[in-house]
Every structure is written in structure tokens, then in C-alpha cells.
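# Commentary on secondary and tertiary structure
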Amino acid sequence: MARPKGNRPTPAKRPEQPAGTSGTRRPLPQASDKPARDWKPILLWGAGGVVLVAFIVAVVVGLSSEVSGIPEGVQEIAVDPPQHVDGEIAYDGHPAGGPHNPVWLNCGVYTEPVPEENAVHSLEHGAVWITYPTGSEPELVDRLEGYAGRPKMIVSPVDGQTSPVLLTAWGVQMETGDPGDRRIEQFIAAFNGGGNAPEPGGACTGGVGQPA
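First things first, this report covers the structure right here in the doc. (Residues numbered from 1 in each chain as written. Predicted model: local features only at pLDDT ≥ 70, side-chain atom pairs only at ≥ 80, totals over all residues. Heavy atoms only, no water.)

## Some words on the overall build of the protein chain
For the protein chain, the helix and strand inventory stands at 4 helices and 6 strands. Listing the helices and strands of the protein chain from first to last along the sequence gives α-β-β-α-β-α-β-β-β-α. Across the 212 residues that make up the protein chain, the buried fraction comes to 39%. Total accessible area on the protein chain is roughly 12,700 Å²; 57% of this is exposed by carbon and sulfur atoms. (Helix = DSSP H or I, 4+ residues; strand = E, 2+ residues; numbered from the N terminus. Buried < 20%, exposed > 50% of the residue type's maximum accessible area, 1.4 Å probe, protein only. Areas by Shrake-Rupley, 256 points an atom, 1.4 Å probe, with all protein chains shown as cover.)

## Observations regarding helix α2 (residues 116–124)
Of all 9 residues in α2, 9 are buried, a share of seventy percent or more. Those residues of α2 not exposed but buried are Glu-116, Glu-117, Asn-118, Ala-119, Val-120, His-121, Ser-122, Leu-123 and Glu-124. Those residues of α2 that are buried lie in contact with β3 (128–133), β4 (153–158) and β5 (165–169). The first or second residue beyond α2 is Gly-126, which carries a positive phi of 95°. (Contact = heavy atoms within 4.5 Å.)

## Describing unusual backbone geometry
Positioned with a positive phi, Lys-152 is a non-glycine residue whose angle comes to about 55°. Tracing the sequence through the fold places Lys-152 in the loop between α3 (138–145) and β4.

## What to know about the environment of Pro-81
Tracing the backbone through its elements, the reader meets Pro-81 in the loop between β1 (75–76) and β2 (108–109). Classification of Pro-81 as exposed rests on a relative accessible area of 53%. The spatial distance from the C-alpha of Pro-81 to the C-alpha of Pro-198 is 9.3 Å, given a sequence separation of 117 residues.

## Let's talk about the pairing of strand β6 (residues 172–176)
Among the 5 residues that make up β6, 4 are buried, leaving the element largely enclosed by the rest of the structure. As paired elements, β1 and β6 share 2 bridges and run antiparallel to each other. Bridge assignment links Gln-75 to a residue of β6, and that residue is Gln-173. Two strands pair when backbone bridges link them, and β5 and β6 are joined in this way by 5 bridges, in the antiparallel orientation. Across the sheet, Val-165 pairs through a bridge with Thr-176, a residue of β6. Hairpin connection between β5 and β6: a loop of 2 residues separates the two successive antiparallel strands, and Gly-171 in this loop has a positive phi of roughly 80°. (Pairing = 2+ DSSP bridges.)

## A look at the packing of aromatic side chains
For any pair of aromatic rings, geometry is given as the distance between the ring centres together with the angle between the planes. Counted according to the given criterion, the structure contains 1 aromatic pair. Considering the side-chain rings of Phe-187 and Phe-191, the 4.8 Å spacing of their centres and the 50° angle between planes classify their relative orientation as tilted. On the criterion of helical spacing, the pair formed by Phe-187 and Phe-191 is a turn pair, its members being 4 residues apart in helix α4 (residues 182–191). Each of the two residues, Phe-187 as well as Phe-191, counts as buried. (Phe/Tyr/Trp six-rings, centres within 6.5 Å; stacked < 30°, edge-to-face > 60°.)

As C-alpha cells, this is what we get:
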């Protein structure tokens, strides 16, 4: 996942101006001269209904399990402790944590590379960062930007990235060549807003950067 540094965006700094109801008794049924009702069809329907409900529950649980837990292919990344540092930081490859700018990056979709130092601060707050190589096909970019319609998501291009899709959270990364890979949803469910993040309750707005 190493990549050439190239012309990196300058780390952004914060602008000086702040931007029961109770049941009721019912009478017991009275005897009647009418012939007894055949309950067999109703009982059979009731049994079928139980089977149907059980099937629906099984399907829902099965679908939920597909997006729960840590997906296959997630790599743990050794990162240094979080520290606030001004200026550029020489990260070893695409950063998944460590020292970062004192101001976080606002979450959202970016069409240009973002300052890594600010994005790492967002990772500290529980953000998931999805990146793709600059100049990728519009179809891939559109699919990835679709994941940003929830809190604490960053989607942006990265100059020189070799993997078609790279997902990063604090201390973990996952690569894939398919923007529709079901593991992407699993990754987001596992790490968005929590996971290994040192400050999962931190903000992802009110920082720097202007999402598209």
C-alpha cells in the first residue's frame, strides 16, 4: 500500500473566525344450538403462519450476519500513539493512525486529495476513510461516494494509490478491487463510529475542509 508522496495537500489549520393499557374482562362464551365449527383449517393455517414467521426471522438474521463482525481481509496496522503535530508528517504509506494535525477533517465526499494529517484526526474520532486512485473511472467513484451518505465517512482520491479501493479506520485497513464488495458494508459496520478509535465520540464536522 506504499505510494509515492508527490505533491501533497498542505495540512489545513482551523480558520481564526469559527466557522399499558390494562385488559378488560370478557364474558365466557355461551352454549349454542349451532353446529360446532371445524377448527382444523384454522389450526393448519396457524401452524403455517408460525413456519412463515420463523422463515422470515431466519432470513433477517442471516442478512444481518452478513454485515456483522470483522470482514475477511482486514489487516491490522501498527500505528504510533495519537499526538497533535503541526505541519506535514512523513507517514509510511497510507496512514491508519498515529500523530496528526490538531484539527480534524470534516467528513464527506472530496473530489481532490485531502491533507492526510487532518484525515487521521478524523480516524481518531471513529471515521472510516475510503480512498481510490486519482483518475479512477467515474463508475467506481460513484459507487464509493454512495457509502458517504452516513455520519463519519470520508471518501477521497489519493495520488499514487495502487489499490482500486482502500478502506481505512484507526489501526486497520482493507483492500478490494470491487466497489460493490459486501465486505465494505461489513467494514463500515465494524469500525464506523467506534472500533479501535481512541476518541470515538469526537466530532466529524466543525473542523476543516469543504466536502463536495
